[in-house]
Amino acid sequence: MEGLAGHLAGLEEILQNWNTNPGVTGLQLKSISSEISSSLEEISPEDVPSTVKHLVGAPDISDQRSLLHLAKSVAKEKEAADFLRDVCEIFSCLMELHPQLFSHKLTELFSFCKTLFFVNPSAKARVESLNFLEIIFDCQTGTDMAAKYDVAMLANQFRKQLALTSKNSSTVLSQVRQVLGTMCKQFPVEMEIHHQDLLVSFVREIQAALKSASEKLDLTLLTGTIRGMSGIMMAYGIDQDDAEMLESVYEILRRVCRKPEVEDGSVTRRGAMRSALEVFADHNALFTKFLLTDFKYWFNLLKTWVRSNNKDDHKIGWKALNSFLDNMGAAIEELKDTKEVLPLSLKFFIGEFKDILLNKGSSHKNISLAIQGYGKFAGALKKNLQEKDYLYVCQDVLHRTEQLYLHSSQKERESWLLQLPSHLQSCSLLVGQVTSPSSSLFSTLERLVVLLVDQFPQIPAQYQGMAVSAVLLCLQTEKKHGEGSLMEQVVYQALIRSCSHPAVGPLEEVEFGVVTYKSYLPLWSGLLKAHPEGVKFGRADLSEEIYTEVVKNIFTIIEKLDLTTTSVDEALVTNNTGEDAMDVDLTLSQTLANESLSETPQDLTVTDSYGFQKKAKQAKDYTVLVNLVDVCSHVLPLNTAAYSVYSSKLWYSTSLWSAEFPEVSSFYKLADTLLGMENIEEAQEDKKQIIVRYLSEVVQKCPSFQDELQLSCFTLVLNIPPAIAEQLIEELGPVMELLFHLGSSMLHIAERALIATLGWLEVLGQEKMDALLRRVIPQLRVFLATDFESSSEEVTEVKKEKIKRGPLRIDKDKLKKMKIVEKQTGVKVCKLILNLLAQVSTTYKALIFPTEEEVGTAVTAWDMKKHLKVEIPLPDMMLSLHLDGLVPIVVDLVQEAPNRKTRVAAGEMLHVLVTFMIGRTSQQSDDLAAKSPMTNLFTKLFPVLLQLSTDSDSVLQTLYRPLFSQIIHWFTKNRNFETPETSCLLECLINTICNTKDSSLKHQSAKYLQEFLEWSIKQSGSGNKTHNTKSIMKRLYYLWQHPDASKRLGACIAFNGFFRIFREEKPLVSEFLLEAFASAMTCLKMSHSDPEHLGTVQAAKQTIDHMKKILLHYHSMFIKGSSERRVPNELEGGTIKDVQVWLFKIASTTQTEARHKAMEIFFELSKKVRIDCQEIVNDSFDGIPKYLMAVESQPGIDSLNLTSLCQLTNWCHSLQAVLECYSWLVGERLLPSDKVAKGQKDVIKYINYFLSEVAIKEVDELGSTSPIVPADVAKFLKVKCTTIIRLFDFLITFLQGQDASLVDIVASIDQNKLARTLMKSTLESSDVGFCLRTKEENEMFQNCSKGVLVAIRAALPDFYSKLQLFLSKAYLGSEEFSISSILSKVLKGSAVNADVLRGYISIIQESLFKVDFDEVETFEALLENHIKLHKVRKISSTSTAVGDSICLLMEIISLKASCSARVQDVVISTICEDSREH
């Protein structure tokens, strides 16, 4: 903008000297106008509005300095003609691209053009003014504009100019005629009285010019006259009764549209010929009666234009030829019926097309012409050919088109790509005329449509609209004939292809040619937007149907994705090179882990918010999900009416997906899209409750997330509408506080947070937002205290250049723009804050100022004593300075200063001060250190230094990361236990690990804690070998048992960071391991009810696994007790047997993960040290009956009146504990089976209640009185299905226990309820609630269900007979699940429950039950269906679900054939018959 302003100032200065030397001044003006034109070529889109304001003037910019005003001042001067022409070109170009920006100056621009034309004597300026006037008319029309322009008077003036042939040059006359034509087109009412005279005049002028043999034809004048005639015809046409005029115009076109001359370098200008072809393309329908006679002439002529190597000739030739063939096809179709013989015109065209297709040497252009021609003549062919002949033509054309694209090389397909949309339209038009098209035709269409969708990103943008129209036409054709698979397949394939490319951010720029989901957005916009013109290509009808398919496939695709992750144990990644490293087991496992990890791409392994390394099992599935959600954000809002039908299901499913995968950010982005489309005030109460509960969970979770995941949640939170925000005010406070804290370094976040707060305040008022305002307003102080106007560093004016510095390329101009944007954002944030403060009362305004406590803290010294005394020797005196007061100031600057130079300087100063302080501590004696400790200073300093070691500024990070390591090395030399400075340093590290939300700071603190332990061991003497380790461990013991989940998580992260150092020191292991192990197990028990996203359970399990490996490795050391060993209260002694006894006790606890770990470690330890479990039971529980009573006395298990999903979930956890414990005791033979059987009391009662009231009931049938929330449903279903599996394990263990008393216990279960649960779980697993996504999960589940049935068959034959009867009646004999019913549905193309078929296969494979049905009839029906589909080539269009069902049925038949001679004979005879036919 500075350059343009400079040019305009230069123009103003030159024009002041106009009268001195107009000639020279005119040249100077021309030079500046050329520079302005060049500068506008590089203008960015965002600068266009301000540029237009400078060019034409605006209310906020002086019109006297605008280019328009300066040009008007010399509009009459001939010497300024070149300058004026350039000005008109500049305005014309910008108005064509951005007409809305000129709406406020149209009258002045129009006046400028008139003045320039009627006053300036230069022809080139007059011509360009008329060009500009045409653009003004094209961009702004209407009756009000006609009045402003005074079109009637202007027309009279132009007609007078036409009469002045001697005064006006041919270029001027040509342009005047062209403008008159444009005026007729844009203002038909006002030009009504002129059009007939103008048309006659133009026709006569053209005829006279063409007949004149004496004068050379003026092509410029002819071009303008033809274009003027075209405008008149566009507006009014030609009366069909005026045969003379029609014939005259036709003859003109026939003569002017002659073949282009040979392109030898001396070609005559073809503007007139192209203009005539344009008229022909637009109006050839007027001359149909002539064209039906001259069709051969026009076809051959237009083909010549199409074959031209000149791009403009080729383009107008194609347009004219397409229009001509469209008209001919419609005209021939409307001819009177002549059944005996084909019309000559139709015969000619079809013969031409056929010869082209049969000729192997035909060019690409000719083949494309033939295929398109068949489509344009589809109606005529249908009318004049017999049905079988027309069908043959369709098949032939489709076959030829399919060969071009599907059976050719990649290079050939690329060369044909631009013709694919038009070819597809032609094929669709042909198929649309068939009375009852075969499925093979639709199969070919489907393959071509899918190919077009696949190649859509490669199609240039100007052709993509045609591609969308082709797809819609194919879908409409299929709908017309009642088919249904094409739309389903096309939408599914389009979604898959849209999502199968590298993921990119919404604002991320990619290199040209790189395909992303954005490449497909024009396709979706075209398919889903209903157009106002109605049913053109069926868009208005199909948009909702396509939208429905899109939503269905969104669910289908997401359900198929494997979004699970695997943990990568960090302990296995780092090699231990120490001499005393634990040998064999750990070293070997490390090597294997390193080998396996080396094969895995590093980018697939990520570190989550809590330091756990995770790796996606299927990285491609994550890419698909990210792209799918991005597509949804653009696609779902395209049809809000159709969205309302699916909104409830989308919200419900999104809640479930987020609950199952809480750390997948895409689901929060999807929720943000849904929230933006939702009208909360009109939403149903059930849906509203789902939304509120979901958003409440997100608000609670997002502070614990990091990076992109947290940003996605923040975006969702800031878009919460006021109606929901009102219910979440209390919960929003901490999140908004965190947002403004982040906003201090990322101003755009603060801006969005302020906009959201203001929006809520406007609707809710300050009373309802009291809790939020009290937390938000104090956070705004830092923004108002920053002077954004002057805080940005000054950047001098530089040319746009890139400077190479190593691998880095610095674009100074881009850097300058970034600083300007930051400055503008900061100013905007301050204005928003002032706006917020203006809308609240004085009570809230006062919150912006520091409180008395904050003021007191700021002015209070860190320590009352002076420690940092510096003596500076001067020539005449010794100057003493105390630096204590300087430290807080420097710390404040390095933390809060907005200017980077200030921060870096303060950081360097602080580095010097810290070094001086540590040096001073080394000079203190023990007595002096005790009297005057520097602990208060270090307590304030250590957290700051630790934070600076992970600062985003690389200079500060480089300064403080090694400094903090050196501080650790220095303070771990302590000789005494818990010296103040060492304790202060340790507290800082552990508190940071436990409390900080900054992931990088948390991980760095864990590394420093590892270094703390390592150097404590290195520098310890014989007398202080373990005192620092004791300091660490006693803090971890406390934190592991802390009620706050973040504290427990911090303790686990701390131990997981330094366990490698800990495990190598046998004295440390002997002294501290058991107490740490007991505390970690307590941590795991307490974390049972923690939300999954917190990560406490995972961290605690990782910690316990490390301890287990250490304990197993050093198990011999724990055979006997030790006086130095710390024994926890949970253990009776410090030996491994005491650990086993304790683990046996907690193996029956309700907390699932703790119970599993206890059983696992007890089993591992039992391999090392044998122990008698019956002895444990007798000593600790006074006998087996009391122990089993304790096992069955799980919390809440005896309460069978449950009214909410949460209660049912907890009850199922308790039942799982009972079942697992019994299965463990009996399966591992830890206690005598007969005594276990006698000791059990209530387990059967609980099992019967579960079978009757919980196992196979739908969630709606459970009688829950509290609102049902998707996240609670997902959690309940997971726990319920796990309980069913535990019940199956219980049954298998007891039935295979080889003890009659155990079998009797199983037999006492309600057999009817058990039969229903067994069969429904086996045959309808998904309906029960099982989510078996992978093949491995299906196999494991089937093995479990088969194991139960096999055990029942062996131990309970009577019950097994009842199961066979139940299967025969409830499934094999039912209308829904019988093989015959399933077969009937499959043959009709309907989807069936595949779980039932898989269950039948499992039963048949193991010969568990008799599955009787007519195998031969089923086989023959499937065979007949296959032959039918094969004949019509519809196999590829069969839906995936139906195809899977057919495969499962065939597998059932193959299994039956292995034991049925009758089926074998039928299969063999079919094969033999097929062989004879071939």
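Residues numbered from 1 in each chain as written. Predicted model: local features only at pLDDT ≥ 70, side-chain atom pairs only at ≥ 80, totals over all residues. Heavy atoms only, no water.

(A) Structural context of the overall build of the chain. Assigned secondary structure in the chain consists of 73 helices and 7 strands. By residue count, 51% of the 1478 residues in the chain fall in the buried class. Residue pairs in contact within the chain that sit at least 24 positions apart in sequence constitute 74% of those at least 6 positions apart. (Helix = DSSP H or I, 4+ residues; strand = E, 2+ residues; numbered from the N terminus. Buried < 20%, exposed > 50% of the residue type's maximum accessible area, 1.4 Å probe, protein only. Contact = heavy atoms within 4.5 Å.)

(B) Structural detail: the packing of helix H18 (residues 344–358) against helix H19 (residues 364–376). Direction vectors running N to C along H18 and H19 enclose 135°, while the axes themselves pass 9 Å from each other. When the axes of H18 and H19 are compared, the pair comes out oblique. Seen from above, H18 lies across H19 with left-handed handedness. Touching Ile350, Phe353, Lys354, Ile356 and Leu357 of H18 are Asn366, Ile367, Leu369, Ala370, Ile371, Gly373 and Tyr374, all from H19. Broken down by class, the residue content of the contact of H18 with H19 amounts to 9 nonpolar, 2 polar and 1 charged. (Axes fitted to C-alpha atoms, helices over the stretch in contact; angles between N-to-C directions. Parallel < 35°, antiparallel > 145°, perpendicular 65-115°, else oblique. Left-handed = near helix turned anticlockwise from the far one by under 90°. Nonpolar A, V, L, I, M, F, W, Y, C, P; charged D, E, K, R; others polar.)

(C) Spatial organisation of the confidence of the model for the chain. Across the chain, the average pLDDT comes to 81, with 86% of residues at or above 70. Per-element confidence in the chain is highest for helix H54 (residues 1066–1086), whose mean pLDDT is 93, and lowest for helix H30 (residues 585–598), whose mean pLDDT is 30. Counting interchain partners and residues more than four positions distant, the pLDDT-below-50 stretch residues 263–267 has 6 contacts. Per-residue pLDDT stays below 50 along residues 1431–1437; that stretch engages in 21 contacts with residues further than four places along the chain or on separate chains. (pLDDT = per-residue confidence, 0-100.)

(D) A look at a nonpolar patch on the surface. A surface patch of nonpolar side chains, about 370 Å² in accessible area, is lined by Ile872, Leu874, Met877, Leu879 and Leu881. For Ile872, the location among the structural elements is in strand E6 (residues 869–873). On the accessibility criterion, Ile872 (31% relative accessible area) is partly exposed. (Patch = residues over 30% accessible without salt bridge, like charges linked within 9 Å, V, L, I, M, F, W, Y side chains within 5 Å. Areas by Shrake-Rupley, 256 points an atom, 1.4 Å probe, with all protein chains shown as cover. Salt bridge = Lys/Arg side-chain N within 4 Å of Asp/Glu carboxyl O.)

(E) Focus on a negative patch on the surface. Residues Glu1258, Asp1260, Glu1261, Asp1327 and Glu1376 make up a contiguous surface patch of negative charge. Looking at the secondary structure, you find Glu1376 in the loop between helix H68 (1357–1372) and helix H69 (1379–1387). With a relative accessible area of 47%, Glu1376 lands in the partly exposed category. (Lys, Arg positive; Asp, Glu negative; His and termini not counted. Charge placed at Lys NZ, Arg CZ, Asp CG, Glu CD.)

(F) Expanded view of the environment of Thr935. Its place among the elements puts Thr935 in helix H48 (residues 935–948). Residue class for Thr935 comes out buried when judged on its relative accessible area of 18%. Between the C-alpha atoms of Thr935 and Leu985, which are 50 residues apart in sequence, the distance is 9.5 Å. Look past the residues within four positions of Thr935 in its chain and what remains in contact with it is Pro980, Glu981 and Cys984.

(G) Spotlight on the packing of helix H52 (residues 1027–1040) against helix H53 (residues 1045–1063). At a minimum axis distance of 8 Å, the contact between H52 and H53 shows a crossing angle of 140°. Regarding the angle of H52 to H53, the classification is oblique. Crossing of H52 over H53 shows left-handed handedness. Along its contact with H52, which presents Ile1032, Met1033, Leu1036, Leu1039 and Trp1040, the element H53 presents Lys1047, Arg1048, Ala1051, Cys1052, Ala1054, Phe1055 and Phe1058. The residue makeup of the contact of H52 with H53, split by class, is 10 nonpolar, no polar and 2 charged.

(H) Representation of the packing of aromatic side chains. Within this structure, the stated rule accounts for 48 aromatic pairs. Taking 5.1 Å as the distance between ring centres and 40° as the angle between the ring planes, the aromatic pair formed by Tyr1371 and Phe1377 counts as tilted. For the pair shown, Tyr1371 and Phe1377 are each scored as buried. When the ring centre of Phe117 is taken as origin, the NZ or CZ atom of Arg126, which lies over that ring, is 4.3 Å away. (Phe/Tyr/Trp six-rings, centres within 6.5 Å; stacked < 30°, edge-to-face > 60°. Lys NZ or Arg CZ within 6 Å of the ring centre and 35° of its normal.)

(I) Layout of the nonpolar core. Counting residues in each nonpolar core, the largest one holds 261 residues, and the members touching the most others are Phe324, Phe349, Trp524 and Ile720. Tallying contributions element by element places helix H38 (residues 747–768) first for this core, with 10 residues. Once residues lying within four places of it in the same chain are set aside, the contact partners of Phe324 are Phe280, Asn284, Leu291, Phe295, Trp298, Phe299, Leu302 and Phe349. (Core = buried A, V, L, I, M, F, W, Y, C linked by side-chain atoms within 4.5 Å.)

(J) Broad picture of the state of the cysteines. Counted according to the given criterion, the structure contains 0 disulfides. Here Cys113 stays unpaired: no disulfide links it, and the sulfur of Cys88, its closest cysteine neighbor, is 5.5 Å away. For Cys113, a relative accessible area of 2% gives the class buried. (Disulfide = S-S within 2.5 Å.)

(K) The pairing of E6, seen in detail. Relative to strand E7 (residues 878–882), E6 is paired through 5 bridges, and the arrangement is antiparallel. Residue pairing for E7: Val870 is matched across the bridge by Leu881. Between the end of E6 and the start of E7, which pair antiparallel, lie 4 residues. (Pairing = 2+ DSSP bridges.)

(L) Inspection of the side chain of Gln178 at higher detail. The topology assignment puts Gln178 in helix H10 (residues 170–186). Side chain to side chain, Gln178 and Glu134 meet in a polar contact 3.2 Å long. (Polar contact = N/O pair within 3.5 Å; in protein donor to acceptor, adjacent residues only side chain to side chain.)

(M) How the structure looks around the pattern of salt bridges. Tallied over the entire structure, the rule returns 44 salt bridges. Among the salt bridges present, the one from Lys376 reaches Asp326, with a minimum N-O distance of 3.1 Å. You can see Lys376 sitting in helix H19 and its partner Asp326 sitting in helix H17 (residues 311–333), a full 50 residues away along the chain. We note a salt bridge from Asp1105 to Lys1157, for which the minimum N-O separation is 2.5 Å. In this pair, Asp1105 is assigned in helix H55 (residues 1096–1113) and Lys1157 in helix H57 (residues 1152–1168), connecting sequence segments 52 residues apart. Among the residues examined, Asp1105 registers a relative accessible area of 23% and is labelled partly exposed. When salt bridges that share partners are traced, they join Asp1105, Lys1108, Lys1157 and Glu1160 into one network.

(N) Up close: unusual backbone geometry. Despite not being glycine, Asp1182 shows a phi value in the positive range, around 60°. Looking at the element boundaries, Asp1182 is found in the loop between helix H58 (1173–1181) and helix H59 (1184–1192). For Asp1182, a relative accessible area of 53% translates into the label exposed. Although it is not a glycine, Ser1407 adopts a positive phi angle of roughly 55°. In this fold, Ser1407 is placed in the loop between helix H70 (1394–1405) and helix H71 (1415–1431).

(O) Structural detail: H48. Helix length check: H48 (14 residues) gives 20 Å between terminal C-alpha atoms against 20 Å at 1.5 Å per residue, within 8%. Roughly 30° is the biggest bend found in H48, and it falls at Leu941, with proline Pro943 one to four residues downstream. All buried positions along H48 are accounted for by Thr935, Leu937, Phe938, Leu941, Phe942, Val944, Leu945, Leu946 and Leu948. (Expected span 1.5 Å × (residues − 1). Bend = angle between axes of the 7 residues up to and from the residue.)

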